[in-house]
Amino acid sequence: MSGLLVSKDIQNREIVLERELQGTVEAVWRSWTTAADLEAWWGPEGWGTTVRSLDVRPGGLWHFGMGPAGGPPEVWIRSIYSEVITGSVLAYVEGFSDETGADLDPESHAVTVELFGVETGRTRLVLRTRFTSVARLEQIAAMGMVEGWSGGFDRLDDLLRSMR
Amino acid sequence: MIQTLSALAEPNRLAIVEFLRDGPRSVTDIVDRLGVSQPLVSKHLKVLSDVAIVQRRVEGKRRIYGLEQARFAELDRWLDTFTELWDQRLDRLQAHMNRSDAGA
């Protein structure tokens with residue numbers, strides 16, 4: 001058991017994952033913000049990651065490709081950092097790209113990684129993914145679909161479980 | 001998938017889906033249950049039909065709506081896939097940090 005906690009908030013179009021890692025906040029931060037480290041673990045399993053750009057500051061570009069180990073990247077991702085607080089918060093907007101780093105994704109995700117030192121040498125990582133575009137959220141809000149809504153995703157979770 | 005989630009994000013529509021969980025119902029039943037106007041219920045049912053969350057059949061003059069199970073299985077799979085991807089990625093992060101410690 002990895003101890004992964006999952007919560008889903010449909011109002012905010014957000015999935016929140018939480019997990020505790022063996023390692024200092026500094027080590028986790030370095031793993032997320034150093035090209036050589038990212039290439040070593042990002043994956044997915046059996047795939048290699050090639051980091052082309054890693055400019056860790058607000059407005060900076062993180063551009064990388066992923067492909068089967070030993071081959072050229074098949075998928076390119078580009079993220080623009082929106083918030084960077086060293087050792088604490090790393091927020092970025094992530095979308096599909098190409099080798100040039102072009103923005104090709106109209107439905108980019110907003111991702112926020114937060115790190116909390118919980119005890120000596122351990123870190124709680126909280127990863128929030130807001131998986132629709134701002135434009136989409138505005139569109140939905142404009143239609144009045146979100147107004148007065150709360151706790152929706154827990155109900156949805158129960159619903160999905162009951163339908164298994 | 002986003003369309004499915006958007007369609008379910010509206011409280012009345014989620015209430016309709018929860019009601020239909022127990023089995024198909026007529027529009028009249030849904031109107032009675034939700035206590036909102038028939039035109040509004042029809043509007044919500046159209047949104048749910050458009051993204052194939054519900055399917056309609058006609059029995060005489062009655063329109064009967066039921067859930068499209070495939071849609072929910074798809075949603076469930078999507079959420080699971082997303083979660084698994086990150087769980088595995090964080091496994092690799094942990095393994096990477098363990099290696100780095102050993103090498104330090």
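For every chain, the first residue of the written sequence is number 1, and numbering continues from 1 onward in sequence order. The lettering of chains begins at A and the numbering of ligands begins at 1, in the order of writing. Only residues with pLDDT of 70 or above have their local features reported here, since the model is predicted, and side-chain atom pairs are shown and tallied only from 80 upward, although totals for entire chains, interfaces and linings are computed over all residues.

Enquirer: What am I meant to see in the overall build of chain A here?
Expert: Regarding its fold elements, chain A presents 4 helices and 8 strands. Along chain A, helices (α) and strands (β) appear in the sequence β-β-α-α-β-β-β-β-β-β-α-α when read from the amino end. Partly exposed residues are those whose C-beta has more than 12 but fewer than 20 other C-beta atoms within 10 Å; 20 or more makes a residue buried and 12 or fewer makes it exposed, with C-beta atoms placed from the backbone. Counting across all 164 residues of chain A, residues that qualify as buried make up 21%. For chain A, contacts bridging at least 24 residues in sequence account for 38% of all contacts bridging at least 6. In this text, helices come from DSSP runs of H or I with a minimum length of four residues, and strands from runs of E with a minimum of two, each type numbered from the N-terminal end. The contact rule is simple: place each C-beta atom from the backbone, and if two of them lie within 7 Å, those residues are in contact.

Enquirer: Can you help me understand the packing of helix 3 (residues 27-34) of chain B against helix 4 (residues 38-50) of chain B in this one?
Expert: Geometry of a packed helix pair, given as the angle between the helix axes and the separation of the axes. Residue and element names in this part refer to chain B. An axis is simply a line fitted to the C-alpha atoms; with a helix, the fit covers only the stretch in contact. Between two such axes, the angle follows the N-to-C directions and lies from 0 to 180 degrees. For the pair helix 3 and helix 4, the least separation of the axes is 10 Å and the interaxial angle reads 110 degrees. Taken together, the axis directions place helix 3 and helix 4 in an arrangement best described as roughly perpendicular. In terms of crossing hand, the pair formed by helix 3 and helix 4 is right-handed. Side by side, helix 3 and helix 4 meet where V27, I30, V31 and L34 of the first sit next to Q38, V41 and S42 of the second. In this scheme, roughly parallel covers angles under 35 degrees and roughly antiparallel covers those over 145, while 65 to 115 is roughly perpendicular and the rest are oblique. The handedness criterion is simple: a crossing whose near helix is rotated anticlockwise from the far helix by less than a right angle is left-handed, and one whose near helix is rotated clockwise is right-handed.

Enquirer: What's the story with the confidence of the model for chain A in this structure? I'm lost.
Expert: When pLDDT drops low, the exact placement of atoms in the prediction is not to be read closely. With 74% of its residues at a pLDDT of at least 70, chain A reaches an overall mean of 78. The quantity known as pLDDT measures the predictor's confidence residue by residue, on a range of 0 to 100. When pLDDT is averaged over each element of chain A, helix 1 (residues 25-33) of chain A comes out on top at 95 and helix 3 (residues 134-142) of chain A at the bottom at 37.

Enquirer: Explain the nonpolar core to me, please; I cannot follow it from the model alone.
Expert: Grouped burial of nonpolar side chains is what soluble globular proteins tend to show. Put simply, a nonpolar core is a cluster of buried Ala, Val, Leu, Ile, Met, Phe, Trp, Tyr and Cys residues tied together by C-beta atoms within 7 Å. Counting 15 residues, the largest nonpolar core has B:V17, B:L20, B:L48, B:I53 and B:V54 as the members making the most contacts within it. Elements with a minimum of two residues in this core: helix 1 (2-8), helix 2 (11-20), helix 4 and strand 3 (62-67) of chain B. If you look at the next biggest cluster of nonpolar residues, it comprises 12 residues, including A:W42, A:L115, A:L125 and B:L90.

Enquirer: Could you clarify how one ought to interpret the environment of A:R52 in this entry?
Expert: All names here are of chain A. With respect to the helices, strands and loops of the structure, R52 is situated in strand 3 (residues 47-54). For the pair R52 and G65, spaced 13 residues apart in the sequence, the C-alpha separation amounts to 7.7 Å. With residues up to four places along the chain from it excluded, the contact list for R52 reads H63, F64, G65 and G101.

Enquirer: Even after reading the chapter, I still don't get the pairing of strand 4 (residues 61-68) of chain A, so can you show me in this structure?
Expert: Side-chain positions along a regular strand alternate between the two faces of the sheet. Residues and elements named next belong to chain A. Strand pairing is assigned whenever DSSP detects at least two bridges linking the two strands. Judged from the 7 bridges that link them, strand 3 and strand 4 form a sheet pairing that is antiparallel. Paired with W47 across the strands is P68, a residue of strand 4. The antiparallel pairing of strand 3 with strand 4 creates a hairpin that spans 6 residues between the two strands, and G59 there sits at a positive phi of about 90 degrees. Here strand 4 runs beside strand 5 (residues 75-85); their pairing, made up of 6 bridges, is antiparallel. Counterpart to W62 in the pairing with strand 5 is S79. Linkage of strand 4 to strand 5, two consecutive antiparallel strands, is achieved through a turn of 6 residues, within which G70 is found at a positive phi near 90 degrees.

Enquirer: Sorry if this is basic, but what is going on with the sheet that holds strand 2 (residues 54-59) of chain B here?
Expert: Within a sheet, neighbouring strands are paired by backbone hydrogen bonds and run either parallel or antiparallel to one another. All names here are of chain B. In space, the 3 strands of this open sheet follow the order 1-3-2, with antiparallel pairing throughout. Edge positions in the open sheet fall to strand 1 (25-26) and strand 2, since each of these has one partner strand only. In the sheet, strand 1 pairs with strand 3 via 2 bridges, with the strands oriented antiparallel. Within strand 3, the position partnered with R25 by the bridge is Y65.

Enquirer: Help me out: how do you make sense of the confidence of the model for chain B in this one?
Expert: Residues of chain B with pLDDT of at least 70 account for 82%, and the chain-wide mean is 84. Here the prediction assigns the complex a pTM of 0.66, and the interface score ipTM is 0.75.

Enquirer: What exactly am I supposed to notice about helix 2 of chain B here?
Expert: At 3.6 residues per turn, the α-helix brings residues three or four places apart onto the same side. Residues of helix 2 of chain B that are buried: B:R13, B:L14, B:I16, B:V17 and B:L20. An end-on view of helix 2 of chain B places all buried positions within 155 degrees of arc, on one side of the element. The directions considered for the arc are those from the helix axis to the C-beta atoms.

Enquirer: Even after reading the chapter, I still don't get the pairing of strand 7 (residues 109-119) of chain A, so can you show me in this structure?
Expert: Sheet topology places strand 6 (residues 89-97) of chain A next to strand 7 of chain A; 6 bridges connect them, and they run antiparallel. Looking across to strand 7 of chain A, one finds that A:L90 is bridged to A:V113.

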